[in-house]
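Single-letter residue listing:
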Amino acid sequence: MTSFDTRFFVIGGGSGGVRAARIAAGLGASVTIAENFRYGGTCVIRGCVPKKLLVYASHFSQDFADAAGFGWTVAPATFSWPKLIAAKDAEIARLSAMYEKNLRASGVTVLQGAARVLDAHTVEVNGQHYRAEHILVATGGQPFLPAIAGIEHAISSNELFELPQLPRRVLIVGGGYIAVEFAGILNGLGSEVTLSYRAEQILRGFDDDLRVHLHDEMVKKGVRILLHSEVTQIERLSDGALQVGLRDAPNNGVRQEVFDTVLYATGRVPSTQGLGLLEAGVALDQSGGVRVDDFGHSNVPSIHAVGDVTNRIALTPVAIREGAALANSLFGPKPTAADLTTVPSAVFSQPPIGTVGLSEAQALATYGQIDIYRANFRAMRQTLAGGDERTLIKLVVDSASQRVLGAHMVGADAAEIIQGIAIALRMGATKADFDATVALHPTSAEEFVTLKEKTTRTRGD
Ligand code: NDP
């Protein structure tokens, strides 16, 4: 122990790394952390937090429109993207500073600079070598952009947060979380948005009813969605606009369309390049993610990893759990693995999605017979607002045990509602438990406890 400069060296000041560092320090370990960009990581600097602020901003256009139905006369609203970005930047700077301050307050030594693993116990930062008993890799991930002709003209969500002006015509490529969230943001702020997705329906992996419902609602709000769509190339025209080759089906011809911005949201890959992990003997998967066990240990006993860099569930609260579990395992009384049995998630699309547990297809693949309950309705706000947005609520239940396996929602406040439902699912609630819960009226959430109409599905039918 005396030959080490620090017991725990954390590489990466994002959600997972910061949590692990602070818990380890709290358990009495000497901790050093290095970050090469800004403390707070993807979530705080260019992910969840700024994205949610932009979602709030974009929703005002709908709110102003709805206000008339409630008796308000709203003067024509104008929007300033530079003002929004400046306000967002100020908030992100505040949060980032708070992350650093909290680390220091916990007794962690905070470094600024790119770290490189030299061997199982040595990290280099800014030319200085640190000997550490344990090293944690928590470097997160970065956008993946496929290698098509002209891809250098496209941006990722990283750059979108910094654009000087709101683009007028935007093409978004991809059909996952980031693509649908930014489609809603930019559409709400007034851009003309086209979303190009390569397969049959957006949000692969989510419950099929949610996918179709969100698709239809996005189209109603003015987002143009191209399915089975492929971008063949991007070219910059002399006026600065981008000409994009688009193909709607494999055998169709390519047509050209012009946009001001092309945003690629085609997934993220672990950030392990240049870290020296392979040279230190750490096993990586085919995307460069660090292979770890349930506790976050790699194949090298002193090197560990948590969060997006492990290429598992890329969600902030998961990274935080993994970071805490790892620090407790290394410096606490007994090894603990993060319990990730019920991970709710939200897509901050417009309308938003909240989901927890199994989709209908996943449940059917695992359980012999399932009961499906659905409600599809116009929420009360829409009556006076005059809107046609519909809300979808769905429960997936195991027919045999009556346990609720999945709860899903597309509609206002879905994320807020599903967080509570996730507790019930984790506790093993049955459909009878949902039914026995008194409704909270008038809400959309009350539909979760008043669902009556059942469809039973049997595997193989
Ligand atoms: P996702 O994995 O969610 O979606 C990637 C999308 O890009 C998919 O539709 C995929 O299609 C498509 N795609 C992948 N490769 C190509 C390609 N070569 N050409 C065309 N399309 C392609 O990634 P995101 O970038 O949206 O987000 C990354 C991760 O970050 C998410 O998975 C999530 O874990 C996290 N995140 C979470 C958020 C939240 O909690 N609200 C918000 C934002 C991000 P296909 O489906 O056919 O594979």
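Description of the structure in this document. What you see is a predicted model; the values in this text were computed from it and never measured.

## Some points on the overall build of the protein
On a plain count of helices and strands, the protein comes out with 12 helices and 22 strands. For the protein, whose C-alpha radius of gyration is 24 Å, the value lies close to the compact-globule estimate of 23 Å for 461 residues. Dimensions of the protein along its principal axes, counting C-alpha atoms only, are 70 × 65 × 50 Å. By sequence separation, contacts in the protein at least 24 residues apart represent 62% of the contacts at least 6 residues apart.

## What about the pattern of salt bridges?
Summed over the entire model, instances satisfying the criterion amount to 27 salt bridges. Its salt-bridge partner being Arg94, residue Glu91 comes within 2.9 Å of it at the nearest N-O pair. Placement of the pair is Glu91 and Arg94 together in helix H4 (residues 81–105), with a separation of 3 residues, close to one helical turn. Taking the relative accessible area as the measure of exposure, Arg94 reaches 45% and is therefore partly exposed. We note a salt bridge from Arg255 to Asp248, for which the minimum N-O separation is 2.7 Å.

## Considering the state of the cysteines
Within the structure shown, the criterion is met by 1 disulfide. Across a sulfur-sulfur distance of 2.3 Å, Cys43 and Cys48 are joined as a disulfide pair. Of note, the bridge from Cys43 to Cys48 carries an S-S torsion of about -135° and is left-handed in sense. By relative accessible area, which is 12% here, Cys43 ends up buried.

## Digging into the nonpolar core
Of all hydrophobic cores here, the largest spans 37 residues; its most connected members are Ile172, Leu195 and Met218. Only helix H3 (48–67), H4, strand E8 (169–173), helix H6 (177–189), strand E9 (192–196) and helix H7 (208–220) provide two or more residues apiece to this core. Setting aside its immediate chain neighbours within four residues, Met218 contacts Val180, Ala183, Leu195, Ile202, Val223, Ile225 and Gln350. If you look at the next biggest cluster of nonpolar residues, it comprises 22 residues, including Leu111, Tyr130, Val137 and Ala305.

## Let's talk about the site of the ligand
Close to the ligand lie 19 residues; Ile178, Tyr197, Arg198, Arg204 and Ala346 are nearest. In this structure, Gly176 approaches the ligand through a main-chain N or O atom, which is 3.3 Å from an oxygen atom. Contact between the ligand and Tyr197: an oxygen atom at 2.8 Å from a side-chain N or O atom of the residue. When the ligand sits alone it has 900 Å² of accessible area, and the protein chains cover 76% of it.

## Side note on the side chain of Asp207
Locating Asp207 in the fold gives a position in the loop between E9 and H7. When its relative accessible area of 2% is taken as the criterion, Asp207 is described as buried. Engagement of the side chain of Asp207 in a polar contact is seen with the backbone nitrogen of Glu360, the distance being 2.8 Å. A polar contact is formed between the side chain of Asp207 and the side chain of Lys394, at a distance of 2.8 Å. If sequence neighbours within four positions are ignored, Asp207 has contacts with Ser359, Glu360, Lys394 and His408.

What counts and how
Residues numbered from 1 in each chain as written. Predicted model: local features only at pLDDT ≥ 70, side-chain atom pairs only at ≥ 80, totals over all residues. Heavy atoms only, no water. Helix = DSSP H or I, 4+ residues; strand = E, 2+ residues; numbered from the N terminus. Rg over C-alpha atoms; globule rule 2.2 N^0.38 Å. Contact = heavy atoms within 4.5 Å. Salt bridge = Lys/Arg side-chain N within 4 Å of Asp/Glu carboxyl O. Buried < 20%, exposed > 50% of the residue type's maximum accessible area, 1.4 Å probe, protein only. Disulfide = S-S within 2.5 Å. Core = buried A, V, L, I, M, F, W, Y, C linked by side-chain atoms within 4.5 Å. Near = heavy atom within 4 Å. Polar contact = N/O pair within 3.5 Å; in protein donor to acceptor, adjacent residues only side chain to side chain. Areas by Shrake-Rupley, 256 points an atom, 1.4 Å probe, with all protein chains shown as cover.

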